[in-house]
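# What the coordinates show
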Amino acid sequence: MLNTTEQKRLARDSEEVIILTQNLVRIPSVYRPNVQGGNEEKVALFVANYLKEIGIHEVFVEEVEQGRPNVIAIIDSGRPGKTLLFEGHTDVVTEGDHSSWGYDPFGAKIINGRMYGRGTNDTKGNLACMITAVHSLLQDKEPFNGKIILCIPCDEEGMMIGIKHFIKQGWANGVDGAIICEPEENQICVTQKGAMRVVIHTYGKMSHGAIPLSGVNPIVPMAKIICEIAQLEKREKERVGEHPELGWPSITPTILQSPVKGEPQINVMPDQCFLSLDIRTVPGQNHLSLIEELERIVDLCAIEAPEYKSTLQVIEDRPWTKTDRNDPVVQAIAAAYTSVTGKEPVYNGVPGATDGTFLHLAGIPIITTGAGDREIPHQINEYVNIEELALTTQIYRQAALNFLNS
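These numbers were taken from a predicted model, which means no experiment stands behind them.

Glancing now at the packing of aromatic side chains. Summed over the entire model, instances satisfying the criterion amount to 5 aromatic pairs. Taking 5.6 Å as the distance between ring centres and 55° as the angle between the ring planes, the aromatic pair formed by Phe86 and Tyr396 counts as tilted. Of this pair, Phe86 sits in strand β3 (residues 83–87) while Tyr396 sits in helix α9 (residues 386–405); the two residues are 310 residues apart in sequence, bridging distant segments of the chain. On the basis of an interplanar angle of 50° and a centroid distance of 5.8 Å, the ring pair of Tyr116 and Tyr383 is categorised as tilted. Here Tyr383 lies in strand β18 (residues 383–385) and Tyr116 lies in strand β5 (residues 114–116), a separation of 267 residues in the sequence. For the pair Tyr116 and Tyr383, a shared accessibility class is recorded, and that class is buried. Through successive ring pairs, a cluster of aromatic residues spans Tyr103, Tyr116 and Tyr383.

And the structure:
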């Protein structure tokens, strides 16, 4: 049963997190190249100004690429202690076809307890939760040791250049634990899948479709490569099995294109074929071994012709991560969940990769949790329950106190 002070705090914080989420969602931040003042810049500057207005004095805006800044805020207690990092990104994926939405994708309209719009769930709602949680601590003059860092990067939905820049600039040095603010139904995700992005090219010789022997068809070896990759995926599933928190590993062809450049024509055999793979891994899989297997497949499917060649390139490599349940940051968020909800926490894993992957590589224990249905990100009519935003804010608030004052 909440006392009067706690009820007032809950009402105050709930109102703030709802309004802040709406304001963030109403600033479109889909990355679109060469859009002046668009992309993440406008929402990042709004966040930076907001942080200053609520009394945070150390706020930094660092441009990663033109129009794509990171925002970093530091709340230092002035007392020695640990450093806790909250991370929530500013970018959102494309809204797609506006006419497919039942609501304005950037309207943040609330209907029957749900706020609709691109980013409500992934992850502007949780960005608002982490900011409101810190503001709540400041308003109530809650004593804590050490310091809190708010990491608000660009480009989580792409190649994660924001978090890479954050780490390269030294902001992650000395951080003792990180809470990655993503839509996980407030489940405590201690693992996350690894991710590799691989591109394969096969090269041949263009010819008339009626005279194929005068050329070299790059599509045929690529078709064999795809079939062999399907068998590799099957073998990996049989070898490592279904992970209790992350499910099955996967090797998914996502783009198959031929010709790579120019217009296709039914009576023209192209000279190039392109394949992209989205590979998701679980504990027990070794990325280097997988790449060696893929290289073996590409070589196996090669054809003997002077004009034929093939290439394989890894354009992104993000390992799977796992944090021990006894780690202080996990214990802090688990205890916060129980004290706020009165229930035992549910542990799970993140089905994809997050910015936390690179914080993990930097040696920081990470935990991923936040408001929002896990199945809703990137969908048409994306939404978040406003009651869940209020709940998550209190969980983040208490987790900070648990971690820093332990």
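There's more to say after this.
Moving on, we get to the side chain of His201. By the secondary structure assignment, His201 is in strand β9 (residues 194–203). By relative accessible area, His201 is classed as buried at 16%.

Time to look at the environment of Pro319. Position of Pro319 relative to the elements: it lies in the loop between β14 (309–318) and β15 (321–322). If we skip the residues at most four places from it in the chain, Pro319 touches Lys193, Gly194, His287, Thr357 and Leu361.

With that settled, consider the state of the cysteines. Considering all chains together, one arrives at 0 disulfides under this definition. Cysteine Cys129 shares no disulfide, and the gap to the nearest cysteine sulfur, in Cys181, comes to 7.9 Å.

Counting 57 residues, the largest nonpolar core has Leu51, Phe86, Ile131, Ile148, Leu150 and Ile179 as the members making the most contacts within it. Excluding anything up to four places from it in sequence, Leu51 contacts Ile56, Val59, Val71, Ala73, Ile131, Leu150 and Ile152. Leu85, Phe166, Phe358 and Leu359 belong to the second-largest nonpolar core, a separate cluster that totals 19 residues.

With that out of the way, let us pick up empty space enclosed by the protein. Throughout the structure, instances matching the rule amount to 1 cavity of 30 Å³ or more. The computed volume of the largest cavity comes to approximately 30 Å³. In terms of lining, the largest cavity is formed by Glu233, Glu236, Lys237, Pro249, Ser250, Ile251, Ile279, Arg280, Thr281, Gln285 and Leu290. Elements that contribute at least two residues to the lining of the largest cavity include exactly α5 (219–240), β11 (250–257) and β13 (272–281). In the lining of the largest cavity, the residues fall into 4 nonpolar, 3 polar and 4 charged.

Pairing between the strands of a sheet is mediated by backbone hydrogen bonds and can be parallel or antiparallel. The 4 strands lie next to each other as β11-β13-β9-β14, forming an open sheet whose pairing is antiparallel. Two strands in the sheet have a free side with no partner beyond their single neighbour: β11 and β14. Between one strand axis and the next, the sheet turns by 20° as a mean value, whatever way the strands run. As judged from the 10 bridges shared by β9 and β13, these two strands associate in the antiparallel manner. Directly across from Thr202, in β13, lies its bridge partner Cys273.

Let's shift gears to the pattern of salt bridges. Summed over the entire model, instances satisfying the criterion amount to 18 salt bridges. A salt bridge links Arg12 to Asp140; the nearest nitrogen and oxygen atoms lie 2.8 Å apart. Of this pair, Arg12 sits in helix α1 (residues 4–25) while Asp140 sits in the loop between α3 (124–139) and β6 (147–152), placing them 128 residues apart in sequence. What makes Arg12 partly exposed here is its relative accessible area of 25%. With relative accessibility at 31%, the residue Asp140 sits in the partly exposed group. With a closest N to O distance of 4.0 Å, Lys237 and Glu233 form a salt bridge.

Bringing the sheet that holds β5 into the picture now. If you walk across this open sheet you meet the 3 strands as β4-β5-β18, and the pairing is antiparallel. Each having just a single partner strand, β4 (109–111) and β18 make up the two edges of the open sheet. When the angles between neighbouring strand axes are averaged without regard to direction, this sheet yields 30°. When β4 meets β5, the two strands line up antiparallel, connected through 3 bridges. Each residue of the ladder has a partner; that of Ile111, found in β5, is Arg114. In the packing of α9 onto the sheet, contacts are made with β4, β5 and β18, and the angle to β18 comes to roughly 65°.

To continue, consider the packing of helix α2 (residues 41–53) against α3. Two quantities define a packed helix pair, namely the angle between the axes and the distance from one axis to the other. Packing of α2 against α3 brings their axes to within 12 Å, and their N-to-C directions diverge by 15°. By the angle between their axes, α2 is roughly parallel relative to α3. The two elements α2 and α3 cross, and the hand of that crossing is right-handed. Between α2 and α3, the residues in contact are Val43, Val47, Tyr50 and Leu51 and Lys124, Leu127 and Ile131, respectively. Here the residues of the contact of α2 with α3 are counted per class, giving 6 nonpolar, no polar and 1 charged.

It is at 9 Å that the axes of α5 and helix α6 (residues 287–300) come closest, and there the two elements cross at 150°. The angle between α5 and α6 falls in the class roughly antiparallel. As for how α5 packs across α6, the hand of that crossing is right-handed. For the pair formed by α5 and α6, the contact residues are Ile225, Glu228, Ile229, Leu232, Arg235 and Glu236 on the first element and Leu290, Glu293, Leu294, Arg296, Ile297, Val298 and Leu300 on the second. In terms of residue class, the contact of α5 with α6 is made up of 8 nonpolar, no polar and 5 charged.

Thresholds, definitions, all that
Residue indices begin from 1 for each chain and proceed along its sequence in written order. pLDDT decides what is reported in this predicted model: residues at 70 or higher carry local features, side-chain atom pairs at 80 or more are listed and counted, and totals for whole chains, interfaces and linings draw on all residues regardless. Hydrogens are left out, water is left out, and the side-chain values use all remaining heavy atoms of the structure. Any two of the Phe, Tyr and Trp rings considered here, Trp counted by its six-membered ring, make a pair once their centres fall within 6.5 Å; the pair's planes then place it as stacked at under 30 degrees, edge-to-face at over 60, or tilted in between. A run of H or I in DSSP becomes a helix once it reaches four residues, and a run of E becomes a strand once it reaches two; helices and strands are each numbered from the N terminus. For the exposure calls, accessible area comes from a 1.4 Å probe over protein chains only, and a residue counts as buried if that area is under 20% of its type's maximum, exposed if over 50%, partly exposed in between. Any two residues whose heavy atoms approach within 4.5 Å are treated as being in contact. Cysteine sulfur atoms are paired as a disulfide whenever they fall within 2.5 Å. Remark: nonpolar core denotes a set of buried residues (Ala, Val, Leu, Ile, Met, Phe, Trp, Tyr, Cys) joined through side-chain atoms within 4.5 Å. Here the term cavity refers to a set of points on a 1 Å grid, laid over the protein atoms alone, in which a 1.4 Å probe fits but cannot get out; the term pocket refers to an open set having protein on both sides within 12 Å along at least five of seven lines, with lining residues being those that place an atom within 4 Å of a point. Grid points are joined across faces, edges and corners, and a volume is the space filled by probe spheres set on the points. Each residue gets one label: Ala, Val, Leu, Ile, Met, Phe, Trp, Tyr, Cys and Pro are nonpolar, Asp, Glu, Lys and Arg are charged, and the others, such as Gly, are polar. Being paired, for any two strands, means DSSP has found at least two bridges between them. The convention used is that axes are lines fitted to C-alpha atoms, helices contributing only their stretch in contact, and that angles between N-to-C directions extend from 0 to 180 degrees. Salt-bridge detection follows one rule: a side-chain nitrogen of Lys or Arg within 4 Å of a carboxyl oxygen of Asp or Glu. What sets the label is the angle itself: under 35 degrees gives roughly parallel, over 145 gives roughly antiparallel, 65 to 115 gives roughly perpendicular, and the rest give oblique. In a left-handed crossing the near helix is turned counterclockwise from the far helix by less than a right angle, and in a right-handed crossing that turn is clockwise.

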